[in-house]
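Structural characterization, general
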Amino acid sequence: MSALLTIHDVHSFYGKIEALKGISLEVRQGEIVALLGSNGAGKSTTLKTISGLVSPGGGDIRLEGNSLVGKSPHQIVEAGVVHVPEGRRIFAGLTVRENLELGGFTQRKDRAFIAEGIERAFTLFPRLRERSGQLGGTLSGGEQQMLAICRGLMARPKLLMLDEPSMGLAPIIVQEIMQIIKEINQQGTTVLLIEQNAKAALRLAHRGYVLETGRIVMENTAEVLRSDESIVKAYLGA
Ligand code: ATP
């Protein structure tokens, strides 16, 4: 499998705080890669740096060989990277359909592109079709998360980055969301996934990286990471 995203020795700062201390990782075409680690390890900062919300103080980030460093968040979406942030920031006062339309508009303005994206979202998650005229803010937490993911997909990303999609959701809903992420991946979208719920993430992912205080301390196949009790105990909060 060829590399879709390559990150080399990336350092990121908040003022004087060095949140990423030289991160290198790779996401290959077609993979689901899990980014694991405890609170404050730098997982969200990694995604924010890839999507251009935080500018790296050093290092390189490449999508299919082209550098993303110095590009605006909008240009990075255009290049094919979509970031669904923590806390599912959908528009509470807009309907489900309007939320999806906005996701498509950032990329292209023609009706066919948007209609096709909406149809795909409704097929992936039929509950959104039933609720298409309902205001985003009235959906359940799980439905809002699905809407946030589907809105991200409207831009047809090559790489979909999800920050804690299971946060605050009941176990049965988490399972449903994980299943849908798997389906999205099987339909051809590469996924970089942050999860506190390491077990759930490693059931889904092909490979994983473990971050600790701004450094990658471990990388392996999901199978190895989830089957090694000492790793699970030391890094994955089980
Ligand atoms: P969490 O799961 O809690 O979000 P995380 O692994 O995603 O953890 P980050 O949010 O990337 O961790 O944070 C990495 C480090 O950077 C932490 O020490 C955090 O306190 C710090 N940090 C994050 N955002 C900011 C900010 N806006 N200003 C200053 N420091 C920040």
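An unreviewed UniProt entry annotates the protein as ABC transporter ATP-binding protein originating from Brevibacillus brevis. The UniProt entry for the protein carries this comment under Sequence similarities (unreviewed entry): "Belongs to the ABC transporter superfamily."

Take the sheet that holds strand β8 (residues 190-194) next. Read from one edge to the other, the open sheet built from six strands follows the order β6-β7-β8-β3-β9-β10, with strand pairing classed as mixed. Bordering the open sheet on either side are β6 (81-84) and β10 (215-221), each of which pairs with just one other strand. Sheet twist, expressed as the mean angle between neighbouring strand axes with direction ignored, is 15°. By the bridge criterion, four bridges tie β6 to strand β7 (residues 159-163) in an arrangement that is parallel.

Because the α-helix completes a turn every 3.6 residues, residues three or four places apart line up on one side. The first and last C-alpha atoms of helix α4 (residues 111-124) sit 20 Å apart over 14 residues, in line with the 20 Å expected at 1.5 Å per residue. Where α4 is concerned, the buried positions are Phe113, Ile114, Gly117, Ile118, Ala121, Phe122 and Leu124. For α4, the arc enclosing every buried residue in end-on projection is 165°, short of the 170-degree limit, so these residues lie on one face. Projecting away from the buried face of α4 at angles above 90 degrees are the exposed residues Arg111, Ala112, Glu116 and Thr123. Those residues of α4 that are buried are in contact with α3 (96-105), α5 (126-130), α6 (141-153) and α7 (171-186).

Before going further, it helps to examine the side chain of glutamate 31. Checked against the element boundaries, glutamate 31 lands in the loop between β2 (17-28) and β3 (32-36). The exposure class of glutamate 31 is buried, given its relative accessible area of 1%. Ignoring anything within four residues of it in the chain, the contact list for glutamate 31 reads Met1, Glu26, Asn185, Thr190, Val191, His206 and Arg207.

Before going further, it helps to examine unusual backbone geometry. A positive phi is found at aspartate 9, a non-glycine position, where the angle reads about 50°. Even without being a glycine, glutamate 164 presents a positive backbone phi close to 50°. Inspection of the secondary structure puts glutamate 164 in the loop between β7 and α7. Looking at glutamate 164, the relative accessible area reads 7%, which means it is buried.

Summed over the entire model, instances satisfying the criterion amount to eleven salt bridges. A salt bridge links aspartate 60 to arginine 62, with the shortest nitrogen-to-oxygen separation between them at 2.6 Å. Between arginine 129 and glutamate 119 there is a salt bridge, with its nearest N and O atoms 2.8 Å apart. Separated by ten residues along the polypeptide, arginine 129 in helix α5 and glutamate 119 in helix α4 bring together distant segments of the chain. A single network of salt bridges, built from pairs that share partners, joins Glu26, Arg28, Glu31, Arg207 and Glu219.

Next up on the list: the confidence of the model for the protein. Per-residue confidence for the protein averages 92 on the pLDDT scale, and 97% of its residues sit at or above 70. Quick note on the complex model: pTM equals 0.94, ipTM equals 0.94.

Grouped together as the largest cluster of nonpolar side chains are 45 residues, with contacts concentrated most on Leu100, Leu160, Leu162 and Ile181. When residues no more than four places from it in sequence are discounted, the contact partners of isoleucine 181 are Ile32, Leu162, Pro165, Val191, Leu193 and Leu204. If you look at the next biggest cluster of nonpolar residues, it comprises 24 residues, including Ile50, Leu63, Ile194 and Leu211.

Parameters at a glance
- Residues numbered from 1 in each chain as written.
- Predicted model: local features only at pLDDT ≥ 70, side-chain atom pairs only at ≥ 80, totals over all residues.
- Heavy atoms only, no water.
- UniProt positions renumbered as here; feature names shortened; annotations may be inferred.
- Pairing = 2+ DSSP bridges.
- Helix = DSSP H or I, 4+ residues; strand = E, 2+ residues; numbered from the N terminus.
- Axes fitted to C-alpha atoms, helices over the stretch in contact; angles between N-to-C directions.
- Expected span 1.5 Å × (residues − 1).
- Buried < 20%, exposed > 50% of the residue type's maximum accessible area, 1.4 Å probe, protein only.
- Arc of directions from axis to C-beta.
- Contact = heavy atoms within 4.5 Å.
- Salt bridge = Lys/Arg side-chain N within 4 Å of Asp/Glu carboxyl O.
- pLDDT = per-residue confidence, 0-100.
- Core = buried A, V, L, I, M, F, W, Y, C linked by side-chain atoms within 4.5 Å.

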